[in-house]
Amino acid sequence: MTDTIPHLTANAAALLAEPKAGRVRAMRSRRWVLYPRAKQALDRLDALLEHPRGTRMPSIAIYGDSGMGKTMIMKRFRDQHPPRFDPSTGALTTPVLAMEMVSRPGERRFYGELLTLLGAPQRPRADITQMEQAALRIMEAIGVQVLVIDEVHNILAGTFREQRIVLNTLRFLSNRLQISLVCFGVNDAREAIGGDVQLARRFEQFTLGRWAANEEFETLVASILRNTPLHRPSVLTAKSLRRILQITDGITANIFHMINNLAIEAVEDGSERITDSAVETWAPDFDVEAVYA
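Sequence order as written defines the numbering, with residues in each chain counted from 1. In keeping with the predicted nature of the model, local features appear solely for residues at pLDDT of at least 70, side-chain atom pairs appear and are counted solely at 80 or more, and the whole-chain, interface and lining totals rest on all residues. Excluded from the side-chain calculations are hydrogens and water; all other atoms, namely the structure's heavy atoms, are used.

Can you lay out the packing of helix H11 (residues 238-248) against helix H12 (residues 252-269) for me, pointing to particular residues and giving the numbers?
Orientation is described by lines fitted to C-alpha atoms, with helices fitted over the stretch in contact, and by angles between N-to-C directions that extend from 0 to 180 degrees. Secondary structure elements are defined from DSSP: runs of H or I of at least 4 residues count as helices, runs of E of at least 2 residues count as strands, and each element is numbered from the N terminus. Their axes nearest at 9 Å, the elements H11 and H12 cross at an angle of 125 degrees. Our classification of the angle between H11 and H12 gives oblique. Helix-helix and strand crossings are classified by hand; for H11 and H12 the assignment is right-handed. Along the contact surface, H11 presents Ile244, Ile247 and Thr248, while H12 presents Asn254, Ile255 and Met258. Should an angle lie under 35 degrees it is considered roughly parallel, over 145 roughly antiparallel, and from 65 to 115 roughly perpendicular; all remaining angles are considered oblique. For a crossing to be left-handed, the near helix must be turned anticlockwise from the far one by less than a right angle; the clockwise case is right-handed. Pairs of residues are marked as contacts when any of their non-hydrogen atoms sit within 4.5 Å.

Here's what the structure looks like:
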């Protein structure tokens, strides 16, 4: 199909057979669009799975403002390495385990969240040592290689002592199980992880900075357009690209939101392409300064 519709990916081209309502629904849904910066992050995460097990395993911290696509990258990485069940042995292998840092950090709450994620029954009166041993036993049994933690900046919500305990717990899990850690968070997360110097030294830092007017941004817009099921190609001028950047303040989620809304308008008015004039007259329904300051 891409031979006859060269401006779209195969998946987007297949959606052209859908009625207008179906295409609009697809544009409004959250969908994965691969662009160079995201691929670079995923390649670094994949490399952790190939690293030989040993002491002081390498880890990665991915920072960025809210809306820069951190959670989408995390989910993509997790989904690309799902749990595997071997019917011949009855063993379940989970190479990537992803969790969200609890809103108020503490050793008990952390292990409670981890055990819930592992599907382990919890005794109401279990002490922290019992919870820790249960988590270690299960994670080792299912072959966890990478522990992914989203919203790691939540560590800062705790007292200094609570922060130290959680960071010590992460370092202990990495050492004991010989696993890599991947932490996602806003830029304040640097301060959270930096609270443990030994732990911070293990982390390679990867920053998802806001988009600027450069070739990388043009590639992002082109990737979104190739994944947007419109019958006609959208060819935007440099002026339109600058306006998109200005309106969205370089936030990935805002860029997707703007282009998706322009595409929906193009479907509904029958033009089937995003034009420079449509970009020029489009008004946002989000407040960049209020949400992303």
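How would you summarise the layout of surface pockets if you had to cite specific residues and measurements?
A probe as big as a water molecule, rolled over the atoms, marks out the empty space that is left. For each structure, a 1 Å grid was placed over the protein atoms alone; sets of points admitting a 1.4 Å probe that cannot get out are labelled cavities, open sets with protein on both sides within 12 Å along at least five of seven lines are labelled pockets, and lining residues have an atom within 4 Å of a point. Grid points are joined across faces, edges and corners, and a volume is the space filled by probe spheres set on the points. Its boundaries defined by the atoms lining it, the largest pocket holds a volume of some 580 Å³. Taken together, 29 residues make up the lining of the largest pocket; nearest its centre are Arg30, Gly67, Gly69, Met72 and Ala253. Residue assignment for the lining of the largest pocket shows that the elements contributing at least two residues are helix H2 (20-28), helix H4 (70-80), strand E6 (180-185) and H12. Among the elements that line the lining of the largest pocket, the one with the most residues is H12, at 7 residues. For the lining of the second largest pocket, the elements supplying multiple residues, two or more each, are helix H1 (10-14) and H2. Three residue categories are used. Nonpolar comprises Ala, Val, Leu, Ile, Met, Phe, Trp, Tyr, Cys and Pro, charged comprises Asp, Glu, Lys and Arg, and polar comprises the others, including Gly. In terms of residue class, the lining of the second largest pocket is made up of 8 nonpolar, 3 polar and 1 charged.

For the packing of aromatic side chains, give the residues involved together with the corresponding values.
Each Phe, Tyr or Trp ring, with Trp reduced to its six-membered ring, pairs with another whose centre is within 6.5 Å; inter-plane angles below 30 degrees give stacked pairs, above 60 give edge-to-face pairs, and intermediate values give tilted ones. A complete count under the given rule lists 2 aromatic pairs for this structure. A ring pair is formed by tyrosine 35 and tryptophan 211, whose centres lie 5.7 Å apart and whose planes are at 65 degrees; its orientation type is edge-to-face. Residue tyrosine 35 is located in the loop between H2 and helix H3 (36-50), and its partner tryptophan 211 is located in the loop between strand E7 (203-208) and helix H10 (215-226); the two are separated by 176 residues in the primary sequence. For the residue pair tyrosine 35 and tryptophan 211, the accessibility class agrees, reading buried in each case. Ring geometry for phenylalanine 110 and tyrosine 111: centres 5.8 Å apart, planes at 75 degrees, overall edge-to-face. Lysine and arginine charges are scored as sitting over a ring when NZ or CZ, respectively, is within 6 Å of the ring centre and within 35 degrees of the ring normal. Sitting above the plane of the tryptophan 211 ring, arginine 37 keeps its charged end 3.8 Å from the centroid. Type-normalised accessible area, obtained with a 1.4 Å probe on protein chains alone, sets the label of each residue: buried when under 20%, exposed when over 50%, and partly exposed for intermediate values.

I'd like a rundown of the pattern of salt bridges, residues and numbers included.
A side-chain nitrogen of Lys or Arg and a carboxyl oxygen of Asp or Glu constitute a salt bridge if their distance falls within 4 Å. Applying the stated criterion across every chain, the model contains 9 salt bridges. As a salt-bridge pair, glutamate 272 and arginine 23 come within 2.8 Å of each other at their nearest N and O atoms. One end of the pair, glutamate 272, is in the loop between H12 and helix H13 (276-281); the other, arginine 23, is in helix H2, and 249 residues separate them in sequence. The burial state of glutamate 272 is the same as that of arginine 23; both residues are buried. A salt bridge links aspartate 79 to arginine 78; its shortest N-O distance comes to 3.2 Å. Taken together, the shared-partner salt bridges connect Asp65, Arg210 and Asp249 into one network.

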